[in-house]
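Report on the structure
Next come the chains, spelled out residue by residue.
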Amino acid sequence: MTSCRGCGHAAVQTVLSLGEQPLANALLREDQLDGAEQRYPLELAFCVACALAQITVSVPPEQLFTDYPYFSSYADAVTSNAETLVRRVMGLRRLGADSLVMEVASNDGYLLKHYVEAGIPVLGIDPARNVAADAEAAGVPTLTAFFGHDVAEQLRHEGRRADVLHANNVLAHVPDVNGVISGISRVLADDGVAIVETPYVRDLVDKLEFDTIYHEHLFYYSLTSFRSLLDRHGLEVVDVERIPIHGGSLRVYAAPSGTVAAAPAVDDLLAEERELGMGQITYFEGFAGRVKDLSRELVDMLEALVADGARVAAYGAAAKGTVLLNAAGVDGRSIEFVADRNPHKQGLYMPGVHVPVLGPEAITDRMPDYLLLLAWNFAEEVMAQQSEYAARGGRFIVPVPEPTIVRGTP
Ligand code: ZN
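Residues numbered from 1 in each chain as written. Predicted model: local features only at pLDDT ≥ 70, side-chain atom pairs only at ≥ 80, totals over all residues. Heavy atoms only, no water.

This brings us to the coordination of the zinc ion. Looking at the zinc ion, the protein donor atoms are C4 (SG), C7 (SG), C47 (SG) and C50 (SG), and they sit 2.3 Å from it. Classification of the site at the zinc ion as tetrahedral follows from its four donor atoms and the range of 106 to 113° in their angles at the metal. In primary-sequence terms, the residues that donate to the zinc ion follow C-x2-C-x39-C-x2-C. (Donors = N, O, S within 2.8 Å, 3.2 Å for Na, K, Ca; no water. Tetrahedral: all angles 85-135°; square planar, octahedral: opposite > 155°, others 65-115°.)

As structure tokens, this is what we get:
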């Protein structure tokens, strides 16, 4: 029995099991390939009390985030989302040299740098030493720490409170989510706004994004469950949008309870969720079966292609690629290599399946017949980048919602 990490309810119920999996971002060096690789059960569970979908096993965050090999600036969709968001916030709020914009999990400063360019003071907070150093180099002051209640109290004590606080794609990842929300509540100025982006569990279910389920991704929010969490810490949802980033996310605007009238979008989305039954475990029925079918179809397709003498490589050494390969059992027998344009990943090996990660130039150098798009949420972007590969006859396999072979855009 596992209790809910959100509300503390005694028992959450498992809705999908993906077996024992390695840590999705724990890429291996060549000398680690023969060593024992740590694996943990990967299960999605649901809390009937607060409607929060979550992972049952948590790995110590120190193992997950220190030297976390993720730099936002390598993903065009993430950086353009950041720029659009900053422009929008600057339109909504009067910010100036006296304001302070904070970001929790500020990564390499991909978002805050846009405020810096506009002359607005910022503070990034990120636990990963290497990315914080990159942020500092880009002119974004960054506190190397796990944001939570204590860090927030310290900042508040120093008189540093946020007029705007961003938390993008982080609330899904923090084990002590109550500590983070309580921290946001403490550090936010009385008339401040917190803008939180997190993957939407409805997109996960509708679009079969099972490969976004991994150990670092502990929570899968609906507006219903998120509102319940905020409410326990004196924060209120004042506006909400659905945005396409990370396969489909919620962008939630939160303010201290009772300070701002909520936009109609909030009640509208809550009503939609009620209608869909997102507060009930039955909402997840059928999802597990569809995941199993997809895995089998993908393996059958790849085995048939390889049996015909075709050569297959993959694109995208991100966490979701690890999950997809390991959940389906796709390894070096069908995939020659995984291409990724993050130089920090090149030369390493995919966790569990041990397929080598190479730079994107390997695609046109080695010309595999098929390129399996593990980063299928960026499929259009990757296919556009790989126009030379497509022009030379290379084909793409988009794995989700069902494995499909596509010719690239000419
Ligand atoms: Zn709960």
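Alright, that's what it looks like, and here's the rest.
Moving on to the sheet that holds strand β8 (residues 188-199). Within the open sheet, the seven strands sit side by side as β6-β5-β4-β7-β8-β11-β10. Their pairing is mixed. With partners counted over all chains shown, the strands left at the sheet margins are β6 (142-144) and β10 (235-243), one partner each. Between one strand and the next, the sheet's axes are offset by a mean angle of 20°, whatever the strand orientation. Docked against the sheet, helix α2 (residues 76-92) engages β7 (162-168), β8, β10 and β11 (249-256), running at close to 30° with respect to β11. (Pairing = 2+ DSSP bridges. Helix = DSSP H or I, 4+ residues; strand = E, 2+ residues; numbered from the N terminus. Axes fitted to C-alpha atoms, helices over the stretch in contact; angles between N-to-C directions. Contact = heavy atoms within 4.5 Å.)

Here the structure, examined in full by the defined rule, presents 16 salt bridges. The shortest N-O distance in the salt bridge between R186 and E153 comes to 2.5 Å. Here E153 lies in helix α5 (residues 149-157) and R186 lies in helix α6 (residues 177-187), a separation of 33 residues in the sequence. Judged by its relative accessible area of 30%, R186 falls in the partly exposed class. (Salt bridge = Lys/Arg side-chain N within 4 Å of Asp/Glu carboxyl O. Buried < 20%, exposed > 50% of the residue type's maximum accessible area, 1.4 Å probe, protein only.)

In the contact formed by helix α10 (residues 287-307) and helix α11 (residues 319-328), the axes pass within 9 Å of each other and the chain directions differ by 85°. Judged on the interaxial angle alone, α11 and α10 are roughly perpendicular. On the side of α10, the interface is formed by S295, L298 and V299, while α11 contributes L324, A327 and A328. Across the contact of α10 with α11, the residue classes tally to five nonpolar, one polar and no charged. (Parallel < 35°, antiparallel > 145°, perpendicular 65-115°, else oblique. Nonpolar A, V, L, I, M, F, W, Y, C, P; charged D, E, K, R; others polar.)

For the protein chain, the assigned domains read domain 1 (63-284) and domain 2 (288-407). Inter-centroid distance (C-alpha atoms) of domain 1 to domain 2 is 30 Å. Between domain 1 and domain 2, the contact holds 19 residues from the first and 22 residues from the second. On inspection of domain 1 and its partner domain 2, the count reaches one salt bridge. The tally of links between domain 1 and domain 2 comes to three residue pairs in polar contact (both at pLDDT 80 or more). Elements with a contribution of two residues or more to the side of domain 1 that touches domain 2: α2 and α7 (201-206). When its residues are assigned to classes, the side of domain 1 that touches domain 2 shows eleven nonpolar, three polar and five charged. (Domains from an automatic or database assignment. Polar contact = N/O pair within 3.5 Å; in protein donor to acceptor, adjacent residues only side chain to side chain.)

Next up on the list: a negative patch on the surface. Together, E297, D300, E303 and E402 give the surface a local cluster of negative charge. In this structure, D300 sits in helix α10. (Patch = residues over 30% accessible without salt bridge, like charges linked within 9 Å, V, L, I, M, F, W, Y side chains within 5 Å. Areas by Shrake-Rupley, 256 points an atom, 1.4 Å probe, with all protein chains shown as cover. Lys, Arg positive; Asp, Glu negative; His and termini not counted. Charge placed at Lys NZ, Arg CZ, Asp CG, Glu CD.)

Turning our attention to the pairing of strand β17 (residues 404-407). Judged from the four bridges that link them, strand β16 (residues 395-398) and β17 form a sheet pairing that is antiparallel. Looking at the pairing, I397 lines up with I405 of β17. The loop that links β16 with its antiparallel partner β17 comprises five residues.

Turning our attention to helix α8 (residues 223-231). The periodicity of an α-helix, 3.6 residues per turn, causes residues three or four places apart in sequence to face the same way. Every buried residue of α8 is accounted for by L223, S225, F226, L229 and L230. Down the axis of α8, the sector holding all buried residues measures 160°, keeping them to one side. Looking at the buried side of α8, the elements it contacts are α6, β8, β10, β11 and α9 (264-276). (Arc of directions from axis to C-beta.)

This paragraph deals with the nonpolar core. In terms of nonpolar packing, the biggest core is built from 117 residues, with L44, L165, I213 and F287 touching the most fellow members. Among the elements that line this core, the one with the most residues is α10, at eight residues. Inspection of this core shows a minimum of three residues originating in each of domain 1 (63-284) and domain 2 (288-407). Excluding anything up to four places from it in sequence, F287 contacts L16, L44, L204, V205, L208, F210 and I213. Formed by 24 residues, the second largest nonpolar core is a distinct cluster that contains L85, L95, Y115 and V140. (Core = buried A, V, L, I, M, F, W, Y, C linked by side-chain atoms within 4.5 Å.)

With that settled, the discussion passes to the packing of aromatic side chains. In this structure the tally under the stated criterion is five aromatic pairs. Look at F219 and Y221: their rings are 6.0 Å apart centre to centre, the planes differ by 35°, and that puts the pair in the tilted class. Summarising the burial analysis for this pair, F219 and Y221 share the class buried. Arranged with centres 5.1 Å apart and planes meeting at 80°, the rings of Y221 and F226 form a pair that is edge-to-face. (Phe/Tyr/Trp six-rings, centres within 6.5 Å; stacked < 30°, edge-to-face > 60°.)

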